[in-house]
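Structure at a glance
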Amino acid sequence: FGSSSWLIDRRGGPRRGPQILVNAAMGLLRSEQMKYGLLVLPVNEAHRIVSRLGKDATLQFEDDNARDMKRPYRKHIQRIDEMERILRFLVAEISAIEGCEIVKNKVDEFLRFEDAYTLEGVESELQSLYKTFMKFKENNMNLTNERNQAVEEAEVVAVAKGMLGSGGTPDFMVDDESFEASAKKPLVESEGGAGTGRLGYLAGVVPKVDEARFARALWRAARGNTFAQFTPISQTVKDPKTGVEVQKSVFVVYFQGAGGPMQQKVMKVCQAFGVNMYNWPVSADQAGVKLVQLQKVVVEKDAALKGFSDFMRSEAQDLLTPPSHNPQGNSKMEEWRLFCIKEKAIYNILNLCSGEIALRVNVWYPASEESKIIALLQKLNEGSQQGAFLTNEKQVKSLAPTYIRVNDFTEGWQEVIDTYGIPKYQEANPALLSVVTFPFIFGMMYGDVGHGTLLFLAGLWLCKNAESLRFTQPTLFMVRYMVVGLGFFAIYAGFMYNDFFSVGLQLFDSRWKEVGGGNYEPDYDVKNSGGRGPYPFGLDWAWHGSNNELLYVNSLKMKLSVLFGVLQMTVGVFLRWGNAFYEKNMTDFFCECVPMMIFMLCFFGWMDVMILYKWVHPIDNPPSIINSLICMAMGQKDLFPLWDGSVELAQTLMMYTVCAVPIMLLPKPLILLYQHNQSKKAGEGAFVAIEEHASNNHGHGEEFEFGEVFIHQVIETIEFVLGTVSHTASYLRIWALSLAHQQLSLVFFQKTITMGLEMSFPLNGIVIYLMFGAWFGITLAVLLGMDVLECFLHTLRLHWVEFQSKFYKAEGLKFAPFSVKKLLTPQDE
C-alpha cells in the first residue's frame, strides 16, 4: 500500500527512472505529489499569461494579499459586474420575446476564438445596447400603457352604454309613476328639474384581486352611504412594467351629493388603491360614439405594438446569431457572457498577486507537471522583454492540497468520497476500492435480475445520451457510469440469489428431487465424497416457494453479509497499514495497526473461518456459530468443536484478541511522551512536531499535553474495539435490505400478475393486461425509485462509517486549480 512512496525523493520531485510508475500509483491510491512555488509575472503581460495558464496549466493560486486586503484590480471587476448586470437585463428582455432562443453551452468553440474580444470593446457595445434597449422598453411601456387605457375606458363606456340604454336617458329619468321608477328618482331635484344634479357617481377600473377589498374600503369610508357595482372585463390587460396579464373589473360608485364631502371620501379611497378613473358618459348616444372612437384607438395601438414587437425581434436576432468570426459558436450575447466570466476570474487571480513592477504569487502545482508549466512559460515569454518564471519556494505557507486525478468513470465515485471529506495529502484514497465495493454491496442489497436489468438499461441510456446531458443535466452526466455499475452488480447478485422479479430461474437442473408429500431430498453428494456436485451457481430454484425458504435464505444472506463485512473492514485496516508505511510512522504501525489487525482477525476473522468451514465440510452435528463465539469469549468449554483442536485454537486466538487491547491503549502515549522529553533535552523547546500529528490533532508547533494525548488514545481504542463489534452487526443491513426487496417484489407480483394467472380464460387475458400495468407502475415507483435510493443510502453508510473509519481521516484541502474551461462549464447548483 505504501510501495509507491519509496519511489519518491522526499527532498524534491520524483526520480527520473520510475516516473511513470509513481504517477500511476499516485493517481490510483494516493493523491498527486504537490510542489509549492513562486510565480513571477510582468505587469504588462500578466493578464495574457494568467489567461493561458488557466487554459493549459494546472495551478492553484494562493492569496498573497490576504493580510492587507489589497485588491489592485477591483475597478476592473466593478466594470465587469456592470457588464454582467447589463447582460442579465438583455437576457431578460430578449427571453420575453416569443421565438427567441439563445444558443449556449459551446465552451470549446468560445475558447478557440476568445482573443477576438477585448474588455473595452465588449463594454462599449453593451453600454450602447443598454441605452437602446432602455429606450425600446420605455416606448413599449408607453404604448402598452396607452393601449391599456384605451381598453379600460372602452370597457367603462361599454358598461355605461348598457346601463344608460339606447334612448339616451337614464332609467331613473323616465316619467313613469311606478314604484320602481319613482324609487330611482333623485332625492333632491335640481333647479332645472332634471333630477340628476345631486346624485354623484364615479367610474373606473380596479384589479379583480382587489375588488372585495375596494368594496369594503368604500363601505367603511362612506359608512354605508355608497353603492358600488362591478362588471368583469372580458379581456386581460398586460402590466406595462412586468408584462404579466392582469384581470380587471369596471366599477361604478353611486353616492349622494355630487361634488360634496362624500365624493372627496370616495376619491381618496380610489387614490389609495391606485385605480384608474374614467369619465362616465352622460347618455347612451354619447357612449356609443365614444366606444367606436376608443375601439379604433385600441386597433391602432395593437398594430403599433405588433410592429414594435417585430422590430424588437429583428434587433434581437443580431444578438442571438453567432458572431461572424465563429459561425459555429454560441449566440453573440452568450459569447459576451462567457467572456465576462473569464475576464472576471482572471482579474480575481491578479488581485491575489503582490508587487507593482512585477507581480508575485505563490502557487501549488503537481510535481509531475512542473516541466510542462515551465515549458509553457518559456513559450509565453517569447518576444517579450520581461518574462514570467516559476521557482520552488522553500518556506511553505499553507497545507498541501489534495489532487486526485479522475476520469469519467471514477469522477462520480470520487465525488461520493469527497462529500464525506477530502482525503489528507497523499492519504490512502477510499475511492480506489469503492469503485468496485460500492456497486457490489449495493447489488447484494438490491439483487434481482429483472430490476437490475432495468437499472442497467437506464445507465446505458444515460451513457448513450451523455453529450446531450453534459451541460443540461451535469449530475446525470457524472453518474451515468455509476448507474451502469449498480445495475450490473444487481444483475450479478440476482443470479446469485436466483431472483427474477421474485421468480426463480431454472437455469440448471435442480439438485433436489421430490420424494412425495411435498418433501424433497438432496440429489447431490452432500458428503463431498466425489459424487454429483451442488447447484452450479447461486441458489437452487427449488427453494423458491418452499415452506422453509425464508429460514434458509435468511441464514445464507446473513452469513454472506458478515463475510463481506469483515473482509471490507480488514481491507480498511490494511489501508491503515499503508498510511503508516507511507508516512514512515512506526509508532502508529506497531502500536495501532498491528494490534488492530490482531483484534480483527483473531475474533471476527475466526468467525468467518467457522462459517466457511461449515459450508465446505460436512459435519454430522454442526455446532452453532453463535454458541461457539460465546464459549470463546467467556472462556467456557465448547462441547461441539468444528474439528479436533478447534476449541484450543479458538482459546488461543481469544487470548491474542484480549492482549491486543492494552497494546492499542498504552504504548503509544508513553512513546510520544518519551519523544517529547528527548526533544526537550536536545534543546528543541517545549514544542515538538509529533510524528502522527494528523491522527492525534497535534500538529507541528502544538504544545504537547500528555493527558490530552492519553485521553485521545483511550477514546481511539474504545471506538475501535466497540466499533468493530457494532460495525460487524451493522453489515447485517445487507441481509435486511435484500430480504425487504425480495419480499416487496414477491408481494407485488402475487397481488397483481399472479391473480390474473389464476383466473380462467378469457378473463385472465384482460386481468393480466390490466394488472401488468399496475405491477409495472408499482415496480417503477417503489422498487426502481424508493428502494434504489434506500439501498444506495445504506451502502453509503457502510462505506462512510464502517469501512472508512478504519483508516480515513478526511482532513485534507481539495486542490482547486484555476481552470477557465471549468469556470465556463455549467454546474448544478
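Residues numbered from 1 in each chain as written. Predicted model: local features only at pLDDT ≥ 70, side-chain atom pairs only at ≥ 80, totals over all residues. Heavy atoms only, no water.

1. What about the pattern of salt bridges?
- Across all of its chains, the model carries 36 salt bridges by this definition.
- Between Asp318 and Lys332 there is a salt bridge; the shortest N-O distance is 3.7 Å. Residue Asp318 is located in helix α9 (residues 284–320), and its partner Lys332 is located in helix α10 (residues 332–350); the two are separated by 14 residues in the primary sequence.
- Classification of Asp318 by relative accessible area gives partly exposed; the value is 44%.
- Among the residues examined, Lys332 registers a relative accessible area of 18% and is labelled buried.
- By sharing partners, the salt bridges in this structure join Lys55, Glu114, Lys342 and Glu343 into a single network. (Salt bridge = Lys/Arg side-chain N within 4 Å of Asp/Glu carboxyl O. Helix = DSSP H or I, 4+ residues; strand = E, 2+ residues; numbered from the N terminus. Buried < 20%, exposed > 50% of the residue type's maximum accessible area, 1.4 Å probe, protein only.)

2. Comments concerning the confidence of the model for the protein
- This prediction gives the protein a mean pLDDT of 85; 90% of its residues lie at or above 70.
- Every residue in residues 1–26 scores below 50 in pLDDT, and together they form 41 contacts with partners more than four places removed in sequence or on other chains.
- A low-confidence stretch, residues 186–197 stays under pLDDT 50, and its non-local contacts, those more than four residues away or across chains, total 10 contacts. (pLDDT = per-residue confidence, 0-100. Contact = heavy atoms within 4.5 Å.)

3. Looking at the packing of helix α25 (residues 733–750) against helix α27 (residues 763–803)
- Running from N to C, α25 and α27 cross one another at 180°; their axes reach a closest spacing of 11 Å. With respect to α27, the element α25 is oriented roughly antiparallel. Of the residues in α27, those touching α25 at Arg733, Ile734, Leu737, His741, Leu744, Ser745, Phe748 and Phe749 are Trp775, Ile778, Val782, Leu783, Asp787, Glu790, Cys791, His794, Arg797 and Leu798.
- When the residues that make up the contact of α25 with α27 are grouped by side-chain class, the tally is 11 nonpolar, 3 polar and 4 charged. (Axes fitted to C-alpha atoms, helices over the stretch in contact; angles between N-to-C directions. Parallel < 35°, antiparallel > 145°, perpendicular 65-115°, else oblique. Nonpolar A, V, L, I, M, F, W, Y, C, P; charged D, E, K, R; others polar.)

4. A look at the side chain of Thr58
- Mapped onto the fold, Thr58 is located in the loop between α2 (46–56) and β2 (60–61).
- At 3.0 Å, the side chain of Thr58 forms a polar contact with the side chain of Glu369.
- Apart from the residues within four sequence positions on either side, Thr58 is in contact with Trp364, Tyr365, Pro366, Glu369, Ile373, Tyr403, Phe815 and Pro817. (Polar contact = N/O pair within 3.5 Å; in protein donor to acceptor, adjacent residues only side chain to side chain.)

5. What about the sheet that holds strand β1 (residues 34–42)?
- Read across the open sheet, the 4 strands follow the order β2-β9-β1-β10; overall the sheet is antiparallel. The outermost strands of the open sheet, each flanked by one partner alone, are β2 and β10 (389–392).
- Direction of pairing for β1 relative to strand β9 (residues 358–366): antiparallel, over a ladder of 9 bridges. When the sheet's bridge partners are listed, Pro42 is paired in β9 with Ala358. (Pairing = 2+ DSSP bridges.)

6. Some remarks on the environment of Thr58
- Thr58 gets classed as buried once you look at its relative accessible area, which sits at 14%.
- For the pair Thr58 and Pro669, spaced 611 residues apart in sequence, the C-alpha separation works out to 41 Å.

7. Regarding the packing of aromatic side chains
- If you walk through the whole model with that rule in mind, you get 48 aromatic pairs.
- With a centroid separation of 6.3 Å and an interplanar angle of 80°, the aromatic rings of Phe214 and Phe230 are classed as edge-to-face. Placement of the pair is Phe214 in helix α7 (residues 211–222) and Phe230 in strand β4 (residues 226–232), with a sequence separation of 16 residues.
- According to the relative accessible area criterion, Phe230 is partly exposed, its value standing at 22%.
- When the ring of Trp512 is compared with that of Tyr524, the centres are 6.3 Å apart and the planes differ by 80°; the resulting orientation is edge-to-face. Separated by 12 residues along the polypeptide, Trp512 in strand β11 (residues 512–516) and Tyr524 in the loop between β12 (519–522) and α18 (549–582) bring together distant segments of the chain.
- Given a relative accessible area of 25%, Trp512 falls into the partly exposed group.
- The ring centre of Tyr497 lies 4.2 Å from the NZ or CZ of Lys557, which sits over that ring. (Phe/Tyr/Trp six-rings, centres within 6.5 Å; stacked < 30°, edge-to-face > 60°. Lys NZ or Arg CZ within 6 Å of the ring centre and 35° of its normal.)

8. Thoughts on α2
- Where α2 is concerned, the buried positions are Ala46, Ile49, Val50, Ser51, Leu53 and Gly54.
- Here the buried face of α2 lies against β1, α10, β9, α11 (370–380) and α28 (820–824).

9. What to know about the pairing of strand β7 (residues 248–256)
- Burial runs high along β7: 8 of the 9 residues are buried.
- Here 9 bridges tie strand β3 (residues 199–207) to β7, and the two strands are oriented antiparallel to one another. The residue bridging Val206 from the neighbouring strand is Ser249, located in β7.

10. Looking at the environment of Trp615
- Along the polypeptide, Trp615 turns up in helix α19 (residues 586–616).
- The exposure class of Trp615 is partly exposed, given its relative accessible area of 40%.
- In this structure Trp615 touches Leu556, Lys559, Leu560 and Leu563, once residues within four positions along its chain are discounted.

11. Comments concerning a nonpolar patch on the surface
- Together, Tyr492, Phe495, Leu507, Phe508 and Phe537 give the surface a local cluster of nonpolar side chains, amounting to about 440 Å² of exposed area.
- By secondary structure assignment, the location of Tyr492 is in helix α17 (residues 480–497). (Patch = residues over 30% accessible without salt bridge, like charges linked within 9 Å, V, L, I, M, F, W, Y side chains within 5 Å. Areas by Shrake-Rupley, 256 points an atom, 1.4 Å probe, with all protein chains shown as cover.)

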